[in-house]
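Read off the chains here:
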Amino acid sequence: MTTESPVRVLCLDGGGIRGISALYVLDQIMAQVNRQRRNSTPSADLLRPCDVFDLICGTSTGGLIALMLGRLEMDVEQAIKCYKKLSRSIFTSFSKRNGEKFDHIVLENKIKDIISSGPLGLDPEALAANPNPTSCKTFTVAIRTRGAAHVPAVMRTYGSPVFSPFRGKIWEMARATSAAPTFFLPITIDDITYGDGGAGGYNNPAELAIDEVEYIWQGKRRISCLISLGTGLEPALQLQNPETLKSENWLERTFGILAPNKAFEIEVARYLVNCLTNCETVHDRIDNQQTRYGVKHRYFRLNMLLPHIGLEEWEKISDIISLTEGFTENRKFFNLKRDIATMLLDRAVEVQPSVIAVQPRSDENGRNFLHKNAVYSNVGNCKDDGNRIKKQD
């Protein structure tokens, strides 16, 4: 890639087992890229994400996927297979240690297996820094648990004019970004203890990616396409009133009767954690200020509605896949992936994704018809719905 060419960026949200949804969406996009490429060059080799994107980043489960696609140079099919095996292994290996639900040693060993069995055949203790300067650049996001949590620990496989590569190993990089509180113990590397970047409010790394492009290329290259893949929209966040506090768990119901004030404090803490890890806040900021972020008409956010599925509920992975395939078979998504593929293949082409600035009336889940069209970046329908809102008001 020439130094003058624009930058293509792929961002992957955190979200536990729901990360499989992002992989299946990406699989459709890459398949479309290769179809359109072979229309003009029938003998062309299949492109992988690391061949198309200049920068791939992720947090938590998105960080694991980013390393598979970027640092380990997997195609999407390989990443899906590894992700499924990894999910089942780690979320069925319960820990007897205090402070974690699942065994972090199993997680570490499975990550090392993925590194050594990947297409590059790397040593399981391979360094995170990529010796190939022209390779796809990859970063993951963690936090320093004993430092300022609002300052992200960005772990890079590359150097830049202002930052050095992460000095640790690939598996340590993966382990740090996936150390979700209560799920896995944090990891200490060179006397610094790291945890999941989502706990610091960086579950959606898209803003960090925009900053990173500036750090790496110092304004010499602009973003031509930024794709942000979510792990599923959930019902609107709501804080229950103390008088109406309810739970489906009998133990929590009993606790609520015996100690209602403490039960409400726990509910407040749960609500704040959900707000902190919510990925749509970052999306809204970028989407409503595309010009300021330098991604006007070049920003795509793909995120589908999903029922509540816990981060660790690996047995529901087939449900997530089925719902995702339904999402990708929609006509609106077909048009969108064609536009994205065109943009990724031809840097001179720019299409216009959605721009959402109107807040219409919501349904019982906090969603609205404009939001549903925006999920597919359907500009025409968004404009029609916006006009309909004005008439209603």
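Details of the structure are given in the entry above.
Worth saying up front: this structure is predicted, and the values here are computed from it rather than measured.

Visitor: Describe the overall build of the protein chain, naming the residues involved and giving the relevant values.
Guide: Helix and strand counts for the protein chain come out as 15 helices and 8 strands. Counting every position in the protein chain, which comprises 393 residues, the buried fraction comes to 51%. For the protein chain, long-range pairs separated by at least 24 residues make up 71% of all intrachain contacts whose partners lie at least 6 apart in sequence. Split by element, the accessible area of the protein chain, about 18900 Å² in all, is 51% carbon and sulfur.

Visitor: So, the pattern of salt bridges: which residues are in play, and what are the values?
Guide: All told, the structure shown has 15 salt bridges when counted by the stated rule. Across the salt bridge formed by Arg 97 and Asp 103, the nearest N and O atoms sit 2.9 Å from each other. Here Arg 285 makes a salt bridge to Glu 207, at a shortest N to O gap of 2.7 Å. Of this pair, Arg 285 sits in helix H10 (residues 280–288) while Glu 207 sits in helix H7 (residues 206–217); the two residues are 78 residues apart in sequence, bridging distant segments of the chain. On the basis of relative accessibility, which here comes to 35%, the residue Arg 285 falls in the partly exposed class. Its relative accessible area of 18% is what places Glu 207 among the buried residues.

Visitor: If you had to explain helix H6 (residues 170–177) to someone new, which residues and values would you point to?
Guide: In terms of residue burial, H6 counts as a mostly covered element, since 8 of its 8 residues are buried. Buried residues of H6: Ile 170, Trp 171, Glu 172, Met 173, Ala 174, Arg 175, Ala 176 and Thr 177, and no others.

Visitor: I'd love a proper account of the environment of Gly 16, names of residues and values included.
Guide: One can find Gly 16 in the loop between strand S1 (7–12) and helix H1 (19–40). Each C-alpha atom, one on Gly 16 and one on Glu 313, is 8.5 Å from the other, the two residues being 297 residues apart in sequence.

Criteria and cut-off values
Residues numbered from 1 in each chain as written. Predicted model: local features only at pLDDT ≥ 70, side-chain atom pairs only at ≥ 80, totals over all residues. Heavy atoms only, no water. Helix = DSSP H or I, 4+ residues; strand = E, 2+ residues; numbered from the N terminus. Buried < 20%, exposed > 50% of the residue type's maximum accessible area, 1.4 Å probe, protein only. Contact = heavy atoms within 4.5 Å. Areas by Shrake-Rupley, 256 points an atom, 1.4 Å probe, with all protein chains shown as cover. Salt bridge = Lys/Arg side-chain N within 4 Å of Asp/Glu carboxyl O.

Any link to function would need more than the numbers given here.
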